[in-house]
Amino acid sequence: YNTLDIKEQKDIEEDYGSSATQNVMIGIDAMHEAGYHGEGMVVAVLDAGFQNVDRLSLFENLDIAGTYDFVYHEEEVFRDDSHGRNVLAAMAGYSPSNLIGGAYKATYYLFKTEDVRSESPLEEAYWIIGAERADSLGVDLIQSSLGYNTFDKSEYDYQHSDLDGNTALISRGANWAAEVGMLIVTSAGNSGNSSWRKITAPADSEKVLTVGAVDGNENYASFSSIGYNENGTVKPDLMAMGQSTVV
């Protein structure tokens, strides 16, 4: 809030509640003030599940155009994992004086492509099928906080040398999705404190917008995966508040 006067700070805190810091950091408050809340945008969120999104008041006015679970081949996505719900909250939650997401007036498709029971390359294929479905539905933007580097069967593991944006199956899929005109937004990964440290696929793709994490003071969050990719492309492309995020 360094550039704001006390009245502006108070107004923003009353509007956004505890989500004020993460929103002001990347200019969401200014975007909203200018009249942009996601209107006219179609977004697909590819994740592990959206537990209770159909029940929470935070999402009661959200325009959900469709859902699909590519793991179990059904439309139900609200029973399982909470990760997708938390991601969606930061994007599309709406509870004034508590939490307001950046694009709460966009239209959303919620796709489950992650199988939390195991880690296998099959999940990369689910992601590509989900992206293909998104393209067929006229989606403008895919948001995906998923990343792959190691699997239950180590013979499928990727190496750092594979992080060239063109080797991992999901990175190639992300390239194809970007080439047909969708904006692909992905997390850098949570490997910063591990021996791997680096970004995970598809964050290595030069054609996707890779987002790393900082805390509320804009300091690098140590868990956030680092770049470059193996071709020397700077990754992540930008940072946002990913530590102590309000969801």
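The written sequence of each chain sets the order in which its residues are numbered from 1. A pLDDT threshold of at least 70 governs which residues receive local features in this predicted model, and a stricter bar of 80 or more applies before side-chain atom pairs are shown or counted, although totals over entire chains, interfaces and linings include all residues. Side-chain numbers here rest on the full set of heavy atoms in the structure, without hydrogens or water.

### Things to note about the environment of Lys-198
Counted only if it meets this: Working definition: helices are DSSP H or I runs of at least four residues, strands are E runs of at least two. Numbering for both runs from the N terminus. For this analysis, residues touch if any pair of their heavy atoms sits within 4.5 Å. Polar contact is the term for a pair of N or O atoms within 3.5 Å; when the atoms are in protein, one must be able to donate a hydrogen and the other to accept it, and sequence-neighboring residues count only if both atoms are side-chain atoms.
Secondary-structure assignment places Lys-198 in the loop between strand 7 (183–187) and strand 8 (209–214). Once the C-alpha coordinates of Lys-198 and Asn-149 are considered, the two residues, 49 residues apart in sequence, prove to be 9.6 Å apart. With residues near it in sequence (within four places) discarded, Lys-198 still touches His-160, Leu-163, Ser-191, Ser-225, Ile-226, Gly-227, Tyr-228 and Glu-230. One polar contact links the side chain of Lys-198 to the main-chain carbonyl oxygen of Tyr-228, over a distance of 2.9 Å. There is a polar contact of 3.2 Å between the side chain of Lys-198 and the side chain of Glu-230.

### Describing the pairing of strand 6 (residues 141–144)
What counts is decided by this rule: Residue burial is assigned from relative accessible area. The probe radius is 1.4 Å, only protein chains are included, and a residue is buried under 20% of its type maximum, exposed over 50%, and partly exposed in between. Criterion used throughout: strands pair if DSSP finds at least two bridges between them. When the strands point away from the viewer, a crossover counts as right-handed if the path from the first strand over the helix to the second runs clockwise.
Of the two faces of strand 6, the one carrying Leu-141 and Gln-143 and the one carrying Ile-142 and Ser-144 are both buried. The sheet contact formed by strand 1 (residues 42–47) and strand 6 spans 4 bridges and is parallel. Residue pairing across strands places Val-43 opposite Leu-141, the latter belonging to strand 6. Bridging between strand 6 and strand 7 involves 4 bridges; their strand directions are parallel. Residue pairing across strands places Leu-141 opposite Leu-183, the latter belonging to strand 7. Of the crossover connections in this fold, the one passing from strand 6 over helix 6 (residues 169–179) to the parallel strand 7 is right-handed.

### Re the packing of helix 5 (residues 122–136) against helix 6
Put simply, the rule reads: Interaxial angle, 0 to 180 degrees, is taken between N-to-C directions of lines fitted to C-alpha atoms, where a helix line uses only the stretch in contact. What sets the label is the angle itself: under 35 degrees gives roughly parallel, over 145 gives roughly antiparallel, 65 to 115 gives roughly perpendicular, and the rest give oblique. Gly falls in the polar group here, along with every residue not listed as nonpolar (Ala, Val, Leu, Ile, Met, Phe, Trp, Tyr, Cys, Pro) or charged (Asp, Glu, Lys, Arg).
Relative orientation of the contacting elements helix 5 and helix 6 amounts to 10 degrees, with a least axis distance of 9 Å. Judged by the inter-axis angle, helix 5 sits roughly parallel to helix 6. Residues Glu-124, Ala-125, Trp-127, Ile-128 and Ala-131 of helix 5 touch helix 6, and the partners they reach there are Leu-169, Ile-170, Gly-173, Ala-174, Trp-176 and Ala-177. Classifying every residue of the contact of helix 5 with helix 6 gives 9 nonpolar, 1 polar and 1 charged.

### Details of the environment of Ser-224
With respect to the element layout, Ser-224 can be found in the loop between strand 8 and strand 9 (238–241). Sequence-wise, Ser-224 and Ile-100 are 124 residues apart; in three dimensions their C-alpha atoms are separated by 24 Å. Leaving out residues up to four positions away in the same chain, Ser-224 has contacts with Ala-188, Gly-189, Gly-192, Gly-212 and Ala-213.

### Thoughts on unusual backbone geometry
Across the junction of Ala-201 and Pro-202, the peptide omega takes the value 10 degrees, indicating a cis bond. Of note, Pro-202 is situated in the loop between strand 7 and strand 8. Residue Tyr-228 follows Gly-227 across a cis peptide bond; omega there is 5 degrees. Tracing the sequence through the fold places Tyr-228 in the loop between strand 8 and strand 9.

### Structural notes on the layout of surface pockets
If a probe the size of a water molecule is rolled over the atoms, the empty space left behind becomes visible. Cut-off, in case you're wondering: Put plainly, a pocket is an open set of points on a 1 Å grid over the protein atoms alone with protein on both sides within 12 Å along at least five of seven lines, a cavity is a set where a 1.4 Å probe fits but cannot get out, and a lining residue has an atom within 4 Å of a point. Grid points are joined across faces, edges and corners, and a volume is the space filled by probe spheres set on the points.
Approximately 1,600 Å³ is the volume found for the largest pocket. Elements supplying a minimum of two residues to the lining of the largest pocket: helix 2 (20–25), helix 3 (28–33), strand 1, helix 4 (83–92), strand 6, strand 7, strand 8 and strand 9. Among the elements that make up the lining of the largest pocket, the one with the highest residue count is helix 4 (5 residues). For the lining of the largest pocket, a count of residues per class yields 26 nonpolar, 20 polar and 4 charged. Counted as a void, the second largest pocket has a volume near 260 Å³. What lines the second largest pocket is a set of 10 residues, and nearest its centre among them are Ile-12, Asp-15, Tyr-16, Asp-29 and Glu-33. Broken down by element, the lining of the second largest pocket gets its largest block of residues, 5 residues, from helix 1 (residues 6–16).

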